Amino acid sequence: MIINADDNYRGLEEWLEGKKKVLLVCSGSIRLLGNFSKKLEELKTPLIRFSNFQPNPLYESVVEGVKLFREEACDAIIAVGGGSAMDVAKCIKLYSSLPGDGENGTWLKAESGSDNIPFLAMPTTAGTGSEATRYAVIYYEGTKQSVTSDNIIPGTVLMDSDVLRTLPLYQKKVTMMDALCHAVESFWSVNSTEESKEYSRAAIKGVLEHMEGYLANTEAGNTGMLTASHTAGKAINITQTTAGHAMSYQITSLFKVPHGHAAILCNRALFPWMVKNTDKCMDPRGEAYLKKTLDEIGLAMGCKDGMAGACKLTEVFHSLELEVPIATEEQYQELKTSVNPVRLKNHPIALDTETIDALYHNILR
């Protein structure tokens, strides 16, 4: 269910009715959220704040959050923030009903957890779409742990466009690109369905339609981009991401560019390459289907076909004036062997190491 911030957060007050104590998972920057921060001070329901986590959150932080949830006898969870806050809150919800104290990573082996805890999420960026997905990422002993469960999808989402007004322009650009890349990759994924493609189509149109207003910080633009990001999240919740995201992670690691920046770097090179190489199709629905799908992405972007859509994606990238990192040959060698093969299985065209290397040379300078 989606509620909005209209009428002084009436929907939030209605959601809180009957709840005794709520764990609020948020970063310290929540104090900058103007109207929402003020509203929290007016609420009658006790809120127990948990902020002891970092970007790329640790398993140990989740364990600490579960301990606080239990000690305070909380009966609901609210997550406010970007991907990190969402991931921590999702895992607290999942693990809070499990036995023990989670020591030595024991909860990471659990296949399921509680579905009985009311969970509300409020995104403070228009990008990750995490409030719509069954995925979370935490780190244990330096290793990324992917958590997947339908039980961690928030049952209620609070949309408040006001929280986007104070974001730095660069952050608005790169989170928007994350949402657009989610929608595009979901569309061409081998796991796509008619439902996921409808979400992707709507998200692509939404991003492009509201981009100008969003970057100008209009209320309509911010509201539209929040909706587009959420819709893109619903698409990848069905399909997962593909090669664009798989290739982006090491770019972020090596060059310290945010995830959305790295994702659009990759996809603006992948899209035209894919249009030219449909003969290497791995999607069981066949090459003709893939060609049609790429053309449909182009149409969703307001273009005549897939190649025109690929050009449009590049135009969007250039219009945002995002930097293209310069790579050394040593870095190219590291990049071509860094891609997660599991993510590549979702991609509709075969990618070997030689091809990945050539693509990276197009992606970077």
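Residues numbered from 1 in each chain as written. Predicted model: local features only at pLDDT ≥ 70, side-chain atom pairs only at ≥ 80, totals over all residues. Heavy atoms only, no water.

**Considering unusual backbone geometry**
Negative phi values dominate among residues other than glycine, just as trans dominates among peptide bonds. The residue Asn104 is not glycine, and still its phi comes out positive at about 60 degrees. Among the structural elements, Asn104 can be located in the loop between helix 4 (83-95) and strand 5 (119-123). One non-glycine residue, Gln240, adopts positive backbone phi at about 70 degrees. Positionally, Gln240 belongs in the loop between helix 7 (219-239) and helix 8 (243-255). You can call Gln240 partly exposed: its relative accessible area is 34%. (Helix = DSSP H or I, 4+ residues; strand = E, 2+ residues; numbered from the N terminus. Buried < 20%, exposed > 50% of the residue type's maximum accessible area, 1.4 Å probe, protein only.)

**Quick word on the pattern of salt bridges**
Taken as a whole and assessed by the stated rule, the structure comprises 11 salt bridges. In this structure, Glu14 and Arg10 form a salt bridge, with 3.1 Å as the shortest nitrogen-oxygen distance. Highlighted residues: Glu14 and Arg10, both in helix 1 (residues 6-16), separated by 4 residues, approximately one helical turn. For Arg10, a relative accessible area of 49% puts it in the partly exposed group. Ionic pairing is found between Asp162 and Arg165, a salt bridge with its closest N-O pair at 2.7 Å. Through salt bridges with shared partners, a single network forms among Asp7, Arg10 and Glu14. (Salt bridge = Lys/Arg side-chain N within 4 Å of Asp/Glu carboxyl O.)

**A short note on the packing of aromatic side chains**
The relation between two aromatic rings is expressed through the spacing of the ring centres and the mutual angle of the planes. Counting across every chain of the model gives 6 aromatic pairs. On the basis of an interplanar angle of 65 degrees and a centroid distance of 6.3 Å, the ring pair of Tyr59 and Tyr95 is categorised as edge-to-face. Linking Tyr59 in helix 3 (residues 59-71) with Tyr95 in helix 4, this pair joins segments that are 36 residues apart in sequence. Tyr95 matches Tyr59 in its accessibility class, with the two residues each being buried. Relative to Tyr140, the ring of Tyr59 lies with its centre 5.2 Å away and its plane at 75 degrees, an arrangement referred to as edge-to-face. Residue Tyr59 is found in helix 3, and its partner Tyr140 is found in strand 6 (residues 135-140); the two are separated by 81 residues along the sequence. Accessibility classification places Tyr59 together with Tyr140 in one group, the buried group. Taken together, the aromatic side chains of Tyr59, Tyr95, Trp107 and Tyr140 make up a single cluster linked through ring pairs. A cation sits over an aromatic face here: Lys19 above Trp15, 4.4 Å from the ring centre. In this structure, Arg268 is placed above the aromatic ring of Phe317, and the distance from its NZ or CZ to the ring centre is 4.7 Å. (Phe/Tyr/Trp six-rings, centres within 6.5 Å; stacked < 30°, edge-to-face > 60°. Lys NZ or Arg CZ within 6 Å of the ring centre and 35° of its normal.)

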